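Structural overview for review
What follows is each chain in one-letter form.
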Amino acid sequence: MSKKHFPAALPWAFDGREVDLLHYIFARSDIKQLRGNPMMVLDAIDEYHQQFEKLMKVGPYKGGLIVDIIAERKPSVMIELGGYVGYSAILFGDEVREHGGKYISIEKNPEMAAVATQLVKLAGLGDIVRIEVGSSNEVLKELICETKEIDQVQMIFMDHQQDLYLEDLWLLEQLDVLTPGSSVVLADIMIIPGAPKYLEWVQATPLQKKNILQRSNVGPLAPNPNLVYSTVVTPFDTIFLPDLVAVSEITGKRDM
Ligand SMILES: C[S@@+](CC[C@H](N)C(=O)[O-])C[C@H]1O[C@@H](n2cnc3c(N)ncnc32)[C@H](O)[C@@H]1O
């Protein structure tokens, strides 16, 4: 049978390992204990990652850093761009649940979304974590403009495609859902290829941002250079390449 609609496999993902992970987990002798236990499901995914194939999931350092930020800020809704097999959705969704919130994970690959949905359900987080299939910008527009489920983005974790981080941030600026004093944007950035334009934007002053816009092609987007971000960049090592997390709080809006 030809597989005309399959996206191309990468050397490190989308080559069948993610479905193999599901078979591995559901065939485990301790499957009953895993049900409703997020930490045991995460441990099982970690075991697959160590014993069989590497999975591009959030690691312990970055995961711990973000869990601490969730515990401190207690978002009622947290959004994730790029869900993959659901590891970060289970880890962060479990913490969001502690504070009565919900978690929306946006994943464009329907096969990954299906794997993530099964693992989230196994972890007992089916009522808290929702996996939405689609491209980040399309689903964000739907949630904000069509269903109006989101009127303010309290916390968003960008972990999808680095060259889309700035476009998706500009979309949120345009839709006016980033609120000074309450919104925070977390971005996972690999040093190579990096997201230099995204980092430049979240570290620039409103005046510098106006200059950036003069030399940028923003297409149909309408970024808001007057939003003021306070960004902390934390570098660390991973099994793949050095990585960093940029935590950007929206602290103000300059009247220009
Ligand atoms: C690094 S993985 C996410 C890892 C996950 N956050 C974790 O830590 O467990 C990146 C995922 O983003 C998805 N992705 C890439 N571009 C996307 C887009 N435009 N919208 C939504 N998801 C996207 C990929 O299919 C892939 O599953």
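Keep in mind that this is a model prediction, so the values were computed, not measured. (Residues numbered from 1 in each chain as written. Predicted model: local features only at pLDDT ≥ 70, side-chain atom pairs only at ≥ 80, totals over all residues. Heavy atoms only, no water.)

Attention now goes to the overall build of the protein. Looking only at helices and strands, the protein has 10 helices and 7 strands in total. Taking 2.2 N^0.38 as the reference for a compact globule, 256 residues should give roughly 18 Å; the C-alpha atoms of the protein span a radius of gyration of 18 Å, in line with that estimate. Of all 256 residues assigned to the protein, the portion counted as buried reaches 51%. In the protein, the share of contacts with a sequence separation of at least 24, taken over all contacts with a separation of at least 6, comes to 73%. Total accessible area on the protein is roughly 12,600 Å²; 53% of this is exposed by carbon and sulfur atoms. (Helix = DSSP H or I, 4+ residues; strand = E, 2+ residues; numbered from the N terminus. Rg over C-alpha atoms; globule rule 2.2 N^0.38 Å. Buried < 20%, exposed > 50% of the residue type's maximum accessible area, 1.4 Å probe, protein only. Contact = heavy atoms within 4.5 Å. Areas by Shrake-Rupley, 256 points an atom, 1.4 Å probe, with all protein chains shown as cover.)

As a further point, take the site of the ligand. Not every one of the 21 residues close to the ligand is listed here, only the nearest: Val58, Gly82, Ser88, Glu107 and Asp159. Measuring from an oxygen atom of the ligand, one finds a backbone N or O atom of Tyr84 at 3.5 Å. A distance of 2.6 Å separates an oxygen atom of the ligand from a polar atom in the side chain of Glu107. Here the ligand loses 93% of its free accessible area of 610 Å² to cover by the protein chains. Of all the elements in the fold, those that place two or more residues in the shell around the ligand are α5 (87-98) and β2 (102-107). Its residues assigned to classes, the shell around the ligand comprises 7 nonpolar, 9 polar and 5 charged. (Near = heavy atom within 4 Å. Polar contact = N/O pair within 3.5 Å; in protein donor to acceptor, adjacent residues only side chain to side chain. Nonpolar A, V, L, I, M, F, W, Y, C, P; charged D, E, K, R; others polar.)

Before going further, it helps to spend a moment on the confidence of the model for the protein. Taken as a whole, the protein shows an average pLDDT of 95; of its residues, 98% reach a score of 70 or greater. For this predicted complex, the interface confidence reaches an ipTM of 0.99, while the overall pTM sits at 0.96. (pLDDT = per-residue confidence, 0-100.)

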